[in-house]
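Summary of the model geometry
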Amino acid sequence: MRLLFKKINTLLILMVAFLLTGCGIYSFTGASIPAEAKTVSIQYFPNNANLVNPMLSEVITNTLRDYFMNQTTLDEVSDNGDLAIEGEIIDYKTAPTAITGDQVAALNRLTITVNVRFYNRYDESKNFEQKFSQFDDYPSNQDLNVVQDELLRTICDKLCEDIFNKAVVNW
């Protein structure tokens, strides 16, 4: 009886391994990447917004690179990756969002928008150009300069997740 369970477990493990490797590279993040794809290149995102935060280009670019390195087995190359991402920051703005009864803003919203171009060398039907926008709210009694670093990290994480999902997660 014990030998039978051992054989069934072995068979199940082999079947799962076969299924996971049968359709390109699969990761437990849900990424579906062509088996031929081995590299990704992510270009620096210049800041073309009217209001410029000097750290934003570096934060968004590095966060996106880290996201791909941590979530896939792809190697990063500087140019001409099998998967390639480029883009620019096109908007960075703050605006009141929750107005109280006495016409005073209770919350402000920081919104960042990027335009992204994605190229898949092995499946051109996956190529796209799209704008991605994310925001985070903060109390209006706080100065943006005080909360800005934390807001940038939160918003950039959301943006990178959206870009990653659009590029390599086929949901």
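To be clear, the structure that these remarks concern was listed above.
Below: a short report on this structure. Fair warning: this is a prediction, and the values are worked out from it, not measured in the lab. (Residues numbered from 1 in each chain as written. Predicted model: local features only at pLDDT ≥ 70, side-chain atom pairs only at ≥ 80, totals over all residues. Heavy atoms only, no water.)

Here we look at the side chain of Asn 47
Here Asn 47 shows up in the loop between β3 (39–42) and α2 (56–71). A polar side-chain atom of Asn 47 sits 3.1 Å from the main-chain amide nitrogen of Ala 49. A distance of 3.4 Å separates a polar side-chain atom of Asn 47 from the backbone oxygen of Asn 53. When residues no more than four places from it in sequence are discounted, the contact partners of Asn 47 are Val 52, Asn 53, Leu 56, Ser 57 and Ile 89. (Helix = DSSP H or I, 4+ residues; strand = E, 2+ residues; numbered from the N terminus. Polar contact = N/O pair within 3.5 Å; in protein donor to acceptor, adjacent residues only side chain to side chain. Contact = heavy atoms within 4.5 Å.)

Things to note about the packing of α2 against helix α3 (residues 144–168)
At their nearest, the axes of α2 and α3 sit 9 Å apart, and the two run at 50° to each other. Our classification of the angle between α2 and α3 gives oblique. Both α2 and α3 take part in a crossing whose hand is right-handed. Where α2 approaches α3, its residues Leu 56, Val 59, Ile 60, Thr 63, Leu 64, Tyr 67, Phe 68 and Gln 71 are matched on the opposing element by Leu 152, Cys 156, Asp 157, Leu 159, Cys 160, Glu 161, Ile 163, Phe 164, Ala 167 and Val 168. (Axes fitted to C-alpha atoms, helices over the stretch in contact; angles between N-to-C directions. Parallel < 35°, antiparallel > 145°, perpendicular 65-115°, else oblique. Left-handed = near helix turned anticlockwise from the far one by under 90°.)

Quick word on the pattern of salt bridges
Summed over all chains, the structure comprises seven salt bridges. Residue Glu 86 pairs with Arg 117 through a salt bridge whose shortest N-O separation is 2.9 Å. In this pair, Glu 86 sits in strand β5 (residues 83–99) while Arg 117 sits in strand β6 (residues 105–120), placing the two residues 31 residues apart along the sequence. Its relative accessible area of 28% is what places Glu 86 among the partly exposed residues. With relative accessibility at 16%, the residue Arg 117 sits in the buried group. Between Glu 129 and Arg 117 there is a salt bridge, with its nearest N and O atoms 3.7 Å apart. With Glu 129 in strand β7 (residues 128–139) and Arg 117 in strand β6, this residue pair connects regions lying 12 residues apart in the sequence. (Salt bridge = Lys/Arg side-chain N within 4 Å of Asp/Glu carboxyl O. Buried < 20%, exposed > 50% of the residue type's maximum accessible area, 1.4 Å probe, protein only.)

With respect to α2
The first and last C-alpha atoms of α2 sit 22 Å apart over 16 residues, in line with the 22 Å expected at 1.5 Å per residue. Listed in full, the buried residues belonging to α2 are Leu 56, Ser 57, Ile 60, Thr 61, Thr 63, Leu 64 and Phe 68. Angular distribution of buried residues about the axis of α2 spans 165°; they occupy a single face of the element. (Expected span 1.5 Å × (residues − 1). Arc of directions from axis to C-beta.)

Topic: the packing of aromatic side chains
The description of an aromatic ring pair uses the distance of the two centres, along with the angle that the planes make with each other. If you walk through the whole model with that rule in mind, you get four aromatic pairs. Here the aromatic rings of Phe 128 and Phe 132 are separated by 6.2 Å at their centres, their planes lie at 65°, and the arrangement is edge-to-face. Phe 128 sits in the buried class, given a relative accessible area of 13%. The buried category is assigned to Phe 132, whose relative accessible area is 5%. Taken together through their ring pairs, the aromatic side chains of Tyr 67, Phe 68 and Phe 164 make up a single cluster. Of note, Arg 109 hangs over the ring of Phe 135, and the distance from its end group to the ring centre comes to 3.8 Å. Stacked on the ring of Phe 135, the Lys or Arg Lys 158 has its end atom at 5.9 Å from the ring centre. (Phe/Tyr/Trp six-rings, centres within 6.5 Å; stacked < 30°, edge-to-face > 60°. Lys NZ or Arg CZ within 6 Å of the ring centre and 35° of its normal.)

Thoughts on the environment of Val 114
With respect to the helices and strands, Val 114 occurs in strand β6. Val 114 sits in the buried class, given a relative accessible area of 0%. Remark: the alpha-carbon pair of Val 114 and Gln 130, spanning 16 residues in sequence, is separated by 8.4 Å. Beyond its immediate stretch of four places on either side in the chain, Val 114 contacts Phe 45, Glu 88, Ile 89, Ile 90, Gln 130, Lys 131, Phe 132, Leu 159 and Ile 163.

Considerations on the nonpolar core
Formed by 36 residues in total, the largest nonpolar core has its most connected members in Phe 68 and Ile 85. Those elements that provide at least two residues to this core are β3, α2, β5, β6, β7 and α3. By residue number, the principal contributor to this core is α3, which donates 12 residues. (Core = buried A, V, L, I, M, F, W, Y, C linked by side-chain atoms within 4.5 Å.)

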